[in-house]
Each structure stands twice: as C-alpha cells, then as structure tokens.
Amino acid sequence: MWELKIAEGDGPYLYSTNNFVGRQFWEFNPDVGTPEEKEEIEKARQNFKDNRRKGGFHACGDLLMRMQLIKENAIDLTSILPVRLSEGEHVSFEAVTTAVKKAVRLHRAIQAKDGHWPAENAGPMFFTPPLLIALYISGTINTVLTEEHHKELIRYFYNHQNEDGGWGFYIEGHSTMIGSALSYVALRILGEGEDDGDGAIARARKWILDHGGATSIPSWGKVYLSVLGVYEWEGCNPLPPEFWLFPSAFPFHPAEMWCYCRTTYMPMSYLYGKRIQGPITPLVSSLRKEIHPTPFAEINWNKQRNNCCKEDFYYPHSFLQDALWHSLHYLTEPVLKYWPFSKLRGRSLDRVVQLMRYESEETRYMTIGCVEKSLQMMCWWAENPNGDEFKYHLARVPDYLWIAEDGMTMHSFGSQVWDCALATQAIVASNMVEEYADCLKKAHFYLRESQIKENPSGDFTQMCRQFTKGSWTFSDQDHGWTVSDCTAEALKCLLLLSHMPKEIAGEKDDTACLYEAVNVLLYMQSPVSGGFAVWEPPIPKPFLQLLNPSEIFADIVVEKEHVETTSSIIGALVEFKRAHPRHRKEEIEHSILNGIRYLEETQWHDGSWYGYWGVCFIYGTCFALRALSSAGKTYDNNEAVCKGVKFLLSIQNEEGGWGESLLSCPTEVYTSLDGNRTNLVQTSWAMLGLMFGGQVERDSTPLHKAAKLLINAQMDNGDFPQQEITGVYMKNCLLLYAQYRNIFPLWALAEYRKHVW
C-alpha cells in the first residue's frame, strides 16, 4: 500500500535547510495496510473510474492522503451528524455551528505531523511526460520508478483520456496535441503496447494522426520530443544560449524575464545549443512511425518550426517574434557552427551550466517547478550521466510524484505554505477554541520553520536572482523561491496567532522575522501602478510580451502585477501596521494607498476583478473586496466596493450559489457554468466577498441561501465534495488545489456564523 511520508529525508544526495520540514512524498510498502483498507482504496479507484465513464469530474478527491491521515490522527469525524436543511427550512445558528465544527475537525484530521496540510497540486497533462522522457533517455526509469509507480502512472493517463481518444492541455480540457502526443509517448515509455488499454492507445494514435501528427505539437513539445528522438531539432525555432551572455545594460536582459520563463528557456537553450538527443532505441524507432503520418525521413522539418495544431493555439506569435525566429534560423545558427563563432557557443553553454548549477543548489535540486525540473534532468544527464548533479536531481524526483484515487502524476512542486496559511485563517475564523487542540500550534510551527532565513548564496544578482530573506515560498523552505502572496498570507497568520495564548498558538515570533517579511512585500510593489507582483518586482516593459515564444501561454515574458497578490499584501500590511505602527510607518501607509489605487484602477466595468490564479472573476473580486475592506473601504464610502458587491449579487444563480466556467480565464469574459450550476468553492469565494463588502448589514438573504447550499453539501465526515477545478495560471491552464474544497467552505461558513449571529 502507498504511504505518505512527511518531513523525512535520508541518503547521500538529499539535503535540507530545515530538516525537511514540509517535505511530502509517497512510498510503496507491500507490508502496510489491512485487507479492509486495501479494499477501500480499490473501491475509491473504481468509483473514480466509473464516474469518469459517466462524464463525472476529472479532479480527484485526494482520497489516499485523506484516508491515511484521518487514520493516523484518530479524530472522531462522524459522531456529530451532518445537518440537512429541508426545502423551506431556514439556516439556524445551531445548523451552521455544527457544520463549522465538523469542518474544523476535518482539518485537524488531515493535517500532517509537521503542521502543513498535504495536497495534490496538479492537473496539466504536460507535467509528467517530460519527466518520463528524462528518466527513459538516461536509463534510470526502472531504478527510480518501481512497478507500482508504473501501474499508477498508467492509471492516471487512462483515467484522464477524453472520449475522442486525446488528452487535454489539462485534465478538464478539450483534446490538444501537446496533451495527446506527450501522453501517448508517456504510456509507451511506461510499457504500454500499440494496442493496449482496451483500444485506448489506438484511439489516441488516431486522434494524433487525424489532427496532423506530432509535428504540429507546440514549441515546448517539440523540444521534449527532440530530446527523446521522435522529432528533429531542425524543426524547432532557435533557442540560442548566447542570450545568457547579454550585458546587463541590454534592453532585454535575462534577469528581467519572468522567473518561470527564464528557468524554462535556460535549460531548453542548453538542450538546443547541444542538440541533445537520447539513444535511438527500438521504442523510439517505433514511435517515429506511430505519431507521424509522413515517414520520419521525409518530413520537411523546417516547415514544422511554426506548425501548431489549432486545438492548442492560444497565443499567436507576433510579426516581430517570427521575424526574430527566421533571422536566427537562417542567419545566426549557420554561422555559429564554424570557428571562431563556435567558441561563442561554447562560452554561452558554460554560462548556462553555471546558472543551472546555481539554481539547482539554491533549491536543493527541487528547481523552481516541475517544468524546469525535468528539463534540468535532461541537461545534467547530457552533461555527465554519472555526475553528482544528475544524482542529486534523481533523489528529489519523489518530491514531485503524487498519488490519489485517479493514479499518480507529477505535480507542480507542492502548495504547502499557501494551503497552510489559508487553512489556518479559516480555522481561526471559526472562533471554536475548544476544537483547536494543537492544530494551530502545529500550523504555527510549520509557517515559522518555512520562512526563508537567508538570501541566495554569493553574488545572487549575477545569477539572475533577487533577495529572499524573510519571505515564504509556495511550498517549503528548501524550495527557496519567494512568493509574495504566500509571504503576505503567512505573515497574516503570524500576526493573528500572536494575539492568542501560548497554549493554543505556541511561542510568539521574533519581531525581526516580521520586519524581514515586510521588507520583501514592499520590494514587490510597482512604483508606477501600485500593484504587487508574485515572485520578483514587476518589470514595466509590457512591449516585451511581443517576444513571447509560447503558443500556449499568455504573459510569460516579464513579471507583472496581479489583483490577488496586491490584495493579499494590502491586507498583510494593514494588519502589520496595526500591530507595529512605528515600523516603516510612512512607507507602509504610502504602499497601502498605492495598492488601493491599483485595485480601483483595475476593476472591470461590470464591477468585477479578473482573477489570474483562480477561476476567475469571482476569485479576483473576492480577494479585492477583502483587501479594500481591510483598509477601511466600505459599500457606502467606496465606489469600487459598491460595484464589486453588485457584481457578485448579479451573478448568483437561482438556487443561491455561484458557479463560473473555466472559459472566463482565456476569453476574459465572465461565463457561468453550464446550466448555471453551483460550484461550492466559488460559492464560498462569493460569500466571503459579499461579507467583506458588508452585505450582512444590508440584506443577508443571498448569504442565507448560499450558506444553506454549503451546509447541505457537507459530507458525513465534515469534508465537501470535489467539483470542477478552480485554480488556474497564465490564463489558459487549470491547476487543482485539492485543499480548496474544504478550506473555503469552512472559511465562508465561519465568517457567516461570526457576522450573522
């Protein structure tokens, strides 16, 4: 049976900055589990499969993790019966109290021993295949992955195959070439034959060939398939490593790129610069025939450079972008093959290796995320298959693999800090001190241990990095990359917990740690717009987005401000100012005012705010109203609050809930779910937004109707059912936050209970 391991690490190629606090990985142990427990897991797997066949939700319930932690924590979840309100029956104080109490107990039951709340953070179908390609070309796939890994990875791919035979960009999406070609290749690497899967492999192959074959895969896929050997580098637009030698005075220096773009194209440029290709095995030779309608040797690779399947095409190349590609392909690349220009290529590759090594070491070989992780593994295998760098990377592969009832997948790298900070605030909002036990003390320990205590080593600015001391990451301290809204939400938690007795919340934090967090937050603000960015200060050069090399993502070239991060930071600064009124007083006041100005200026004409990291206008509006409320803005004294509240009320559905389609994200037009149905997480966001906007004082009826939906939806153990995915990034790709389904309903009901009664 699979076991989730928490805060553990051992071996010569694993090291940590905080004794692995926050680390979570799965390990198969055949000797663990009773027959009844194993039967329960198999039942969950079969239920998921059956529901998918009936058109049910793609997102998993993260049940394996929940089953294990509920057993380990041994908290009674069912002695208090759930409330069921009949038609015409009103919500009572007793009913909402019961629902909140059950939800708090559920949170205690699924909290890890180090204080965080483990969860899957996945969904994109292009995460796992590059990792499998890296393991396959390096010959390590059967040493790193056991037979049980293979089985569960295969299960995941089959469970999320669409009816037409293809796979989406993400698990709820329509079939795309990048999802289909990479998933097909992954299944074949995992040992599935051309006719396996009860015809699923054949149907996938048909979808690929019917849509033009794998030569029409978007540019990222072209790189992955070139490394595997089922595509040729001549069919890729140039990714010259010489870019990394640009002087700092250059208008577009690598350090100015958005960090995820930078850390993706850095290893890609190494792979391109060296034209890395794995061994041509019988499987690779077979794949060359399977996924291309034209014989491999007869493909005109030059014509494939800008060939992109229409099902994938989201962000068209600009004229400037295509002109740049053509000039590099026809003029620059041919010259760089010959001496003395070839020496420049050698220097540039050395610089890329230097940057990759620094990035690996500063993240304890986690890298910034799963995309870079797989690419770096390919690079270090090519650089030295027996080298320590590759071995260090292999040791961190388990950190990226997550298993649930739908199978195993590679997830982003974990949302431990983010989920912990949100869950902590939701639990505190309940005011149920008698239910806390050591839950908040454990969460406090996790947040305290996860704060980054030092800047990156050496002259980090020369390595395209910023200062990090005082910040929090998205996941754990070892990850090492600042995330501003995680820092803001974690800081809010420390401030909240500082007002609680030691026996409930643990020791108070050193004031210096709070000051350092504020330093990070202030650093992230744009002096122009007043908004805050996520990872690094915003770069006020939007014209550089014209150089976006990706067809599948928008806004990836430079860091920009966002509504949600700005909202989180405003709230944190307001709370900090209240607790420490003298520290950087004028700067903080000025920062808050500019942040509010940004929110007011970015509000849409209908009163909503666009959410960049959640689906979509409901999410953005919830966060914006929360921030404005914290700064003293109300329905009566602020037009933005008034309009935001009216927007939420205007889109409430007939049964009293809210539900927004993922289509809102790429189209940037509010779109309700089919049938105007309800999503419980989005209903919770809307409830919170309305309460932050003072709706209780005007008319509680919309809140009563929504609360009744949440209460009736609560499951016997205090959890809430998983529905549509509500996380998103880069406008075009959904991301499952598996803890959202219990965090936000608890938070909404807790605030409702507090405000209404």
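Numbers given to residues run from 1 along each chain, matching the order in which its sequence is written. This being a predicted model, a pLDDT of at least 70 is required before a residue's local features are given, and a value of 80 or more before pairs of side-chain atoms are given or counted; all residues contribute to the totals for chains, interfaces and linings. Only hydrogens and water are removed before side-chain values are computed, so all heavy atoms of the structure are retained for them.

**Let's talk about the nonpolar core**
Stated formally: By nonpolar core is meant a set of buried Ala, Val, Leu, Ile, Met, Phe, Trp, Tyr and Cys residues that side-chain atoms within 4.5 Å join together. Accessible area is worked out with a 1.4 Å probe on protein chains only. A residue is then buried under 20% of its type maximum, exposed over 50%, and partly exposed in between. We call two residues in contact when some of their heavy atoms are within 4.5 Å.
One finds Phe-126, Leu-228, Leu-271, Phe-553 and Met-687 to be the most contacted residues of the largest nonpolar core, which totals 250 residues. What Leu-228 contacts, discounting residues up to four positions off in sequence, is Ile-133, Tyr-136, Ile-137, Val-185, Ile-189, Pro-279, Val-284 and Leu-287.

**Overview of the packing of helix H16 (residues 416-429) against helix H19 (residues 484-497)**
The relative placement of two packed helices comes down to the angle between their axes together with the axis-to-axis distance. Here is the rule we go by: Axis definition: a line fitted to C-alpha atoms, limited for helices to the stretch in contact. Angles are taken between N-to-C directions and run from 0 to 180 degrees. Strands here mean DSSP runs of E at least two residues long; helices mean DSSP runs of H or I at least four residues long; both are numbered from the N terminus. Handedness of a helix crossing follows the sense of rotation of the near helix relative to the far helix, less than a right angle counterclockwise being left-handed and clockwise being right-handed. Under the grouping applied here, Gly and all other residues not named as nonpolar or charged are polar, the nonpolar ones being Ala, Val, Leu, Ile, Met, Phe, Trp, Tyr, Cys and Pro and the charged ones Asp, Glu, Lys and Arg.
For the pair H16 and H19, interaxial distance at closest approach is 9 Å and the crossing angle is 35°. Note on packing geometry: the crossing formed by H16 with H19 is left-handed. Contact residues: Val-417, Trp-418, Ala-421, Leu-422, Thr-424, Gln-425 and Val-428 in H16; Asp-485, Cys-486, Glu-489, Ala-490, Lys-492, Cys-493, Leu-496 and Leu-497 in H19. Counted by class, the contact of H16 with H19 contains 10 nonpolar, 2 polar and 3 charged residues.

**Considering the state of the cysteines**
Cut-off, in case you're wondering: Only a pair of cysteine sulfur atoms within 2.5 Å counts as a disulfide in this structure description.
The full count for this structure, using the stated rule, is 0 disulfides. With no disulfide of its own, Cys-733 has Cys-370 as its nearest cysteine by sulfur position, at a separation of 9.6 Å.

**Side note on the pairing of strand E6 (residues 401-404)**
The line we're drawing: Strands pair, by our definition, only if DSSP identifies at least two bridges between them.
Here E6 shows no split at all, with Leu-401 and Ile-403 on one side and Trp-402 and Ala-404 on the other all buried. In this structure, E6 lies alongside strand E7 (residues 407-410), joined through 4 bridges in antiparallel fashion. Residue Ala-404 lies in a different strand from E7, and its bridge partner there is Gly-407. From the end of E6 to the start of E7, which pair antiparallel, there are 2 residues.

**Points about the packing of aromatic side chains**
Going by this rule: Ring geometry is summarised as follows: Phe, Tyr and Trp rings, the Trp one being its six-membered ring, pair when their centres sit within 6.5 Å, and such pairs are stacked at plane angles under 30 degrees, edge-to-face over 60 and tilted between the two. Only lysine NZ and arginine CZ atoms are considered, and such an atom sits over a ring when it is within 6 Å of the ring centre and within 35 degrees of the ring normal.
Taken as a whole and assessed by the stated rule, the structure comprises 45 aromatic pairs. One cation-aromatic arrangement involves Arg-275 over Tyr-272; the distance from NZ or CZ to the ring centre is 4.0 Å. Positioned above the aromatic ring of Tyr-610, the side-chain terminus of Lys-731 is 6.0 Å from the ring centre.

**Details of the environment of Ala-95**
Relative to the assigned elements, Ala-95 resides in helix H3 (residues 93-109). Sequence separation between Ala-95 and Lys-708 is 613 residues; the distance between their C-alpha atoms is 9.2 Å. Ignoring sequence-local partners within four residues, the contact set of Ala-95 consists of Val-83, Leu-85 and Ile-711.

**What about the side chain of Ser-568?**
Just so we agree on the cut-off: Any pair of N or O atoms that falls within 3.5 Å is considered a polar contact. Within protein, one atom must be able to donate a hydrogen and the other to accept it, and sequence-neighbouring residues count only if both atoms are side-chain atoms.
Mapped onto the elements of the fold, Ser-568 is located in helix H22 (residues 563-579). Polar side-chain contacts of Ser-568 include one of 2.7 Å to the side chain of Glu-489. Ignoring anything within four residues of it in the chain, the contact list for Ser-568 reads Asp-485, Ala-488, Glu-489, Lys-492, Phe-623 and Arg-626.

**Some details on the pairing of strand E1 (residues 2-6)**
A large share of E1 lies buried, amounting to 5 of its 5 residues. Alternating residues of E1 divide into Trp-2, Leu-4 and Ile-6 and Glu-3 and Lys-5, and every residue in both groups is buried. Of the pairings in the sheet, the one linking E1 to strand E2 (residues 24-28) comprises 5 bridges and is antiparallel in character. Along E2, the bridge assignment pairs Leu-4 with Trp-26.

**Examining the environment of Asp-164**
One can find Asp-164 in the loop between helix H6 (147-159) and strand E4 (167-168). Assessed through its relative accessible area of 44%, Asp-164 is described here as partly exposed. Placed 11 residues apart in sequence, Asp-164 and Ser-175 show a C-alpha to C-alpha distance of 7.7 Å. Beyond its immediate stretch of four places on either side in the chain, Asp-164 contacts Ser-175, Arg-203 and Trp-207. For Asp-164, the side chain forms a polar contact with the main-chain nitrogen of Gly-166, separated by 3.0 Å.

**Observations regarding the pattern of salt bridges**
Pairing of side chains with opposite charge becomes possible as their charged atoms draw close. Here is the rule: Definition used for salt bridges: Asp or Glu carboxyl oxygen within 4 Å of a side-chain nitrogen of Lys or Arg.
Scanning the model with the defined rule gives 41 salt bridges in all. Between Asp-399 and Arg-396 there is a salt bridge, and its shortest N-O distance comes to 2.8 Å. When its relative accessible area of 5% is taken as the criterion, Asp-399 is described as buried. The shortest N-O distance in the salt bridge between Asp-555 and Lys-560 comes to 3.3 Å. Look at Lys-560 and you get partly exposed, because its relative accessible area is 27%. Where salt bridges share partners, they join Arg-23, Arg-396, Asp-399 and Asp-478 into one cluster.

**Concerning the sheet that holds strand E8 (residues 727-729)**
Taken together, 3 strands build an open sheet; the order of strands is E3-E9-E8 and the sheet is antiparallel. The open sheet terminates on both sides in strands that have one partner only, identified here as strand E3 (121-122) and E8. Bridging between E3 and strand E9 (residues 733-737) involves 2 bridges; their strand directions are antiparallel. Paired with Asn-121 across the bridge in E9 is Tyr-737.

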